[in-house]
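Coordinate analysis (summary)
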Amino acid sequence: MVKALQANYGVPGNEQFTAAMDLAQTIFECCAINTSINYDTSLWKLQSLGKKELTVPLTCCKLVNRFEFTAYLDPVPLNATLCQALQIQDYEKSRHLDGCLNKIELWYREQYFLFLCAGLIVAVVEFCVLLSIILSCTKLPRKNHATQMLRTNPLPHIPIPALPANRRVRDNIYEHELPTPIPVPTIRETYIQPKEYAKQRSDAAFNNNSHYYQISKSYLV
C-alpha cells in the first residue's frame, strides 16, 4: 500500500486513487499509510505534482469542514501554516499523526462482517423457501394417492330408510291434509225451540204457524 501510494497519489490519470485516499484521510483522520513520511518519497512530492509549499496533502491536516460531504474535495485546514511545518512539535496539533492502514483494515473487517451477516440472512431465507416448496411438493403425491384409493376402494353405501308407499313428501306445508272439521251445531239446531214450546202458547195463530215462528225467531236471534 505504501508503494501504491507513492506511485499513484496525485499522478495524472489516477484521480480515482487520489480521491479515495483523500476521502480515507478525511473520514478516518489519518495521514498516508504508516506516517506522513510516506509522502516524502512519493511522485507527488518528487515531481512537484502538488504545490511546492505543501509537505503533505491538505486532507492530512485537521479540517474546519471535516463533517461536510465534499470536504475531501475542498479541504479547509484549521491552520495551514502549522500543518505544513517540518518539525513535529510544530504540526502535531494541526496535522493527523496516525497512519491510515490500521483504520482501513478495521473498516474493512466491519464491512466484511456486515456483508457476511447479510449473506447468511439471505441464505436462510432462500433455504426456508426451498424447504417449503419441497414440503408442498411431497404433499401432492399423498393427496393423489388418497384420491386413487377412494376411486379403487369407494366408501360403503349407507342405505336410507324409504318412506311408506302411501306417504308423499311435500315441500309446501299448506298441502298437508287438513284434519276432519269439528261438527258445529247450526243456528236452527241451537235456537229453534221444540214444538212443545209452541203448544204452551195461548194464541191459536202461533199454534197454527209454529214452524214459521220458529224459523223467524232463529233469524232474529
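Residues numbered from 1 in each chain as written. Predicted model: local features only at pLDDT ≥ 70, side-chain atom pairs only at ≥ 80, totals over all residues. Heavy atoms only, no water.

**Regarding the layout of surface pockets**
Unfilled space is identified by rolling a water-sized probe across the atoms. Selection rule: Residues are said to line a cavity or pocket when one of their atoms sits within 4 Å of a point; the points come from a 1 Å grid over protein atoms alone, cavities being sets where a 1.4 Å probe fits but cannot get out and pockets being open sets with protein on both sides within 12 Å along at least five of seven lines. Grid points are joined across faces, edges and corners, and a volume is the space filled by probe spheres set on the points. Charged residues are taken to be Asp, Glu, Lys and Arg, nonpolar residues to be Ala, Val, Leu, Ile, Met, Phe, Trp, Tyr, Cys and Pro, and polar residues to be all remaining types, Gly included.
Empty space within the largest pocket amounts to approximately 230 Å³. Lining the largest pocket are 15 residues; nearest its centre among them are Tyr9, Asp22, Trp44, Leu54 and Pro57. When the residues that make up the lining of the largest pocket are grouped by side-chain class, the tally is nine nonpolar, four polar and two charged. Estimated volume of the second largest pocket: approximately 190 Å³. Around the second largest pocket, the lining comprises 13 residues; the ones closest to its centre are Ser36, Ile37, Asp40, Tyr91 and Arg95. Per-class residue counts for the lining of the second largest pocket are seven nonpolar, four polar and two charged.

**Focus on the pattern of salt bridges**
Where charged atoms from two side chains of opposite charge come close, those side chains can pair. Quick reminder of the rule: The salt bridge definition used is simple: a Lys or Arg side-chain nitrogen within 4 Å of an Asp or Glu carboxyl oxygen. Where helices and strands are cited, they refer to DSSP runs of H or I of at least four residues and of E of at least two residues respectively, numbered from the N terminus. Each residue is assigned to one of three classes by its accessible area relative to the maximum for its type, calculated with a 1.4 Å probe on protein chains only: buried under 20%, partly exposed between the two thresholds, exposed over 50%.
One pass over the full model with this rule turns up one salt bridge. For Arg66, the salt bridge goes to Glu29, with nearest N and O atoms at 2.6 Å. One end of the pair, Arg66, is in the loop between helix 3 (43-46) and helix 4 (80-83); the other, Glu29, is in the loop between helix 2 (15-27) and helix 3, with 37 residues separating them in the sequence. On the accessibility criterion, Arg66 (24% relative accessible area) is partly exposed. Since its relative accessible area comes to 33%, Glu29 is described here as partly exposed.

**Some details on the nonpolar core**
As a reminder of what qualifies: Definition of nonpolar core: a set of buried residues of the types Ala, Val, Leu, Ile, Met, Phe, Trp, Tyr and Cys, connected through side-chain atoms within 4.5 Å. Contact criterion: two residues are considered in contact whenever any of their non-hydrogen atoms come within 4.5 Å of each other.
With 16 residues, the main nonpolar core has Leu5, Tyr9, Met21, Tyr39 and Val56 as its most contacted residues. Excluding anything up to four places from it in sequence, Tyr9 contacts Ala4, Phe17, Thr18, Met21, Asp22, Tyr39, Trp44, Pro57 and Thr59.

**Section: the state of the cysteines**
For the record, the criterion: A pair of sulfur atoms, both from cysteines and within 2.5 Å, is called a disulfide here.
With the rule as written, the count across this model stands at three disulfides. The disulfide that involves Cys30 links it to Cys100, with 1.8 Å between the sulfurs. Its S-S torsion of about 100° marks the bond between Cys30 and Cys100 as right-handed, since a negative value means left-handed. Linking Cys30 in the loop between helix 2 and helix 3 with Cys100 in the loop between helix 5 (88-91) and helix 6 (101-152), this pair joins segments that are 70 residues apart in sequence. Taking the relative accessible area as the measure of exposure, Cys100 reaches 0% and is therefore buried. The residue that forms a disulfide with Cys31 is Cys60, at a sulfur-sulfur distance of 2.2 Å. With the S-S dihedral at roughly 85°, the linkage between Cys31 and Cys60 falls on the right-handed side. Within this pair, whereas Cys31 is found in the loop between helix 2 and helix 3, its partner Cys60 is found in the loop between helix 3 and helix 4, the two being separated by 29 residues in sequence. Here Cys31 falls in the buried class, since its relative accessible area comes to 0%.

**Some points on the packing of aromatic side chains**
Counted only if it meets this: The pairing test for Phe, Tyr and Trp rings, Trp by its six-membered ring, is centres within 6.5 Å, and the orientation test on the planes gives stacked under 30 degrees, edge-to-face over 60, and tilted for anything in between. Two limits define a charge over a ring: the Lys NZ or Arg CZ must be within 6 Å of the ring centre, and within 35 degrees of the ring normal.
Under the counting rule described, the total for this entry stands at four aromatic pairs. Arranged with centres 6.3 Å apart and planes meeting at 25°, the rings of Tyr108 and Tyr112 form a pair that is stacked. Remark: Tyr112 and Tyr108 occur in helix 6; sequence separation between them is four residues, near one turn of the helix. Residues Tyr108 and Tyr112 agree in their burial class; the two are exposed. Aromatic ring contacts, followed pair by pair, group Tyr9, Tyr39 and Trp44 into a single cluster. When the ring centre of Tyr91 is taken as origin, the NZ or CZ atom of Arg95, which lies over that ring, is 3.6 Å away.

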